[in-house]
Amino acid sequence: MAERKRIYVRGIGSYLPEKILTNSDLERMVDTSDEWIVTRTGIRERHIAAEGQITSDLATEAAKKALADADLCPDDVDIVLVTTVVPDMQFPSTACFVQQKLGIGTKCPCVGMEVGCSGMIYLMELAAGLLERGPYRNVLTIAADKLSAVTDWTDRSTCVLLADGAAALVLTSENVKKRAELLGTFLAADGSGAEFLCMPGGGGRHPATAQTVADRLHYLKMNGREVFKRALTDMGHAVERLFERCSVGVDDVAHFIPHQANLRIIEAIAERLSIPMERVVAVLDRTGNTSSASLGIAWDMALQEGRFHEGDLIVPFAFGAGLTSAAALLRWIG
Ligand code: UT7
């Protein structure tokens, strides 16, 4: 039997819009306080897209940076995969808009999906499958969300958390001695919890009407307490299953990169799995919860801070709408 191809991440990029919304700005919008937001979530500020700047714009900016990091140009891309829960339109796929904005040729297929916050790891797994089978050489994967477009700015339990951003990875089966090798993944989903985190309006179940608008169904809805509990158990489970699958343990891993939803969730998982916090990447004080993009943004920020060294094992892990959860193991190359 032919040996399995090795899969590499050869480029990473992320993008945060310029405009910053601070906790004190939010104090002027809803009944909340900087103290509540910081102690209950760890978030201090977040980035919000400009008027007219949409998910495909954020995605395109992150993709340009990932391609530059990979020393590639748009024409080198063989397929575009985009995960988002705030697509530019319900259809067609946001990936098609990104293809146009990047000026990638029409021979390049485009695929969209809505995996929520676990999306970046789901995309790595799908990209690996495409690369193993061929004929693709460079898979551009992008996770982007303009959550501010579906945020109910009168709901203090969600509006203080959500933010905008994008992240992109270029995956290849060619070892260019840069960035990281993908060693394994674990993906899961539990549709029984789907309604704990969703946007009910606008799909086939609740097509847009004056009533669905009046009922505020076109905003992100979250049962925070349930999602909090499930995030803890499901992310912990994903990391443990990944460890079993790859025969590694906590002490082998130099850096854990969790989904950036709530610092209390990150700290509780670190405690449960006996991970020292200095090995955990936490940037949500500056980014808020950027959903699909969160993990890739944290990864890129840690890279810019020079945290990774050759040979380091890295474990990104996430949890989100679906309810989906996922974890991946990579070895840093440089
Ligand atoms: O990205 C996908 C995954 N998402 C997540 O992982 C998010 C998971 N959930 C959470 O992070 C937390 O559940 C929240 C941050 C959403 C809420 O924190 P909590 O500690 O679970 O608060 P709670 O919902 O239990 O509410 C506690 C109190 C309530 O008041 P009462 O009923 O005790 O009087 C809320 O009304 O805090 C109140 N509250 C607020 N107070 C000030 C809720 N939101 C706010 C707010 N400012 N923004």
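Residues numbered from 1 in each chain as written. Predicted model: local features only at pLDDT ≥ 70, side-chain atom pairs only at ≥ 80, totals over all residues. Heavy atoms only, no water.

Further remarks concern the pairing of strand 4 (residues 79-83). Among the 5 residues in strand 4, 5 count as buried, and that is most of the element. Every second residue of strand 4 is oriented toward a common face, with Ile 79, Leu 81 and Thr 83 on one face and Val 80 and Val 82 on the other, all of them buried. Bridge count for strand 4 against strand 6 (residues 138-146) is 5 bridges, and the pairing is parallel. Among the inter-strand pairings, Leu 81 is bridged to a residue of strand 6, identified as Thr 141. A crossover connection joins strand 4 to the parallel strand 5 (residues 110-113) through helix 4 (residues 94-102); in handedness this β-α-β unit is right-handed. (Buried < 20%, exposed > 50% of the residue type's maximum accessible area, 1.4 Å probe, protein only. Helix = DSSP H or I, 4+ residues; strand = E, 2+ residues; numbered from the N terminus. Pairing = 2+ DSSP bridges. Right-handed = clockwise from strand over helix to strand, strands pointing away.)

A few words now on the site of the ligand. As a structural note, the neighbourhood of the ligand is formed by 22 residues, with Thr 32, Arg 40, Arg 225, Asn 262 and Asn 289 the closest of them. In the environment of the ligand, an oxygen atom lies 2.6 Å from a nitrogen or oxygen atom belonging to the side chain of Arg 225. Between the ligand and Arg 264 there is a distance of 3.1 Å, counted from an oxygen atom to a side-chain nitrogen or oxygen. Protein chains shield 75% of the accessible area of the ligand, which is 950 Å² for the free molecule. Put simply, the parts of the chain that give the shell around the ligand at least two residues each are helix 2 (34-41), helix 6 (156-159), helix 8 (224-246) and helix 9 (263-272). It is helix 8 that provides the largest number of residues to the shell around the ligand, a total of 4 residues. Of the residues belonging to the shell around the ligand, the class tally is 10 nonpolar, 7 polar and 5 charged. Summarising the domain contributions, the shell around the ligand has at least three residues from each of domain 1 (7-179) and domain 2 (182-332). (Near = heavy atom within 4 Å. Polar contact = N/O pair within 3.5 Å; in protein donor to acceptor, adjacent residues only side chain to side chain. Areas by Shrake-Rupley, 256 points an atom, 1.4 Å probe, with all protein chains shown as cover. Nonpolar A, V, L, I, M, F, W, Y, C, P; charged D, E, K, R; others polar. Domains from an automatic or database assignment.)

Before going further, it helps to examine the packing of aromatic side chains. Taken as a whole and judged by the stated rule, the model has 3 aromatic pairs. Consider the rings of Phe 243 and Phe 256, whose centres lie 6.4 Å apart with planes at 65 degrees: the pair is edge-to-face. With Phe 243 in helix 8 and Phe 256 in strand 11 (residues 255-258), the pair connects residues that are 13 residues apart, well separated along the chain. Across this residue pair, the class does not change: Phe 243 and Phe 256 are buried. Aromatic ring contacts, followed pair by pair, group Phe 243, Phe 256 and Phe 317 into a single cluster. (Phe/Tyr/Trp six-rings, centres within 6.5 Å; stacked < 30°, edge-to-face > 60°.)

Split by domain assignment, the protein chain resolves into domain 1 (7-179) and domain 2 (182-332). On the side of domain 2, 49 residues touch domain 1, which itself brings 48 residues to the contact. Taking both sides of the interface into account, the surface hidden between domain 1 and domain 2 amounts to around 3,800 Å²; carbon and sulfur atoms contribute 62%. Remark: the boundary between domain 1 and domain 2 carries 1 salt bridge. (Contact = heavy atoms within 4.5 Å. Buried area = accessible area lost by both parts, 1.4 Å probe. Salt bridge = Lys/Arg side-chain N within 4 Å of Asp/Glu carboxyl O.)

Turning to the side chain of Ser 292, a few remarks are in order. For Ser 292, the location among the structural elements is in the loop between helix 10 (284-287) and helix 11 (294-304). Ser 292 sits in the buried class, given a relative accessible area of 0%. At a separation of 2.5 Å, a polar atom in the side chain of Ser 292 contacts the side chain of Asp 145. Setting aside residues up to four positions removed in sequence, Ser 292 forms contacts with Thr 83, Thr 84, Val 85, Gly 116, Cys 117, Met 120, Ala 143, Ala 144 and Asp 145.

Let's shift gears to unusual backbone geometry. For the peptide bond that leads from Phe 91 to Pro 92, omega is 5 degrees, which places it in the cis range. The amide bond that connects Gly 134 to the next residue, Pro 135, takes the cis arrangement and shows omega of 5 degrees. As for its position among the elements, Pro 135 is in the loop between helix 5 (119-133) and strand 6. For Asp 71, which is not a glycine, the phi torsion comes out positive at approximately 55 degrees. If you trace the backbone, Asp 71 turns up in the loop between helix 3 (55-69) and strand 4. With a phi angle near 60 degrees, Lys 177 is a residue other than glycine that sits in the positive phi range.

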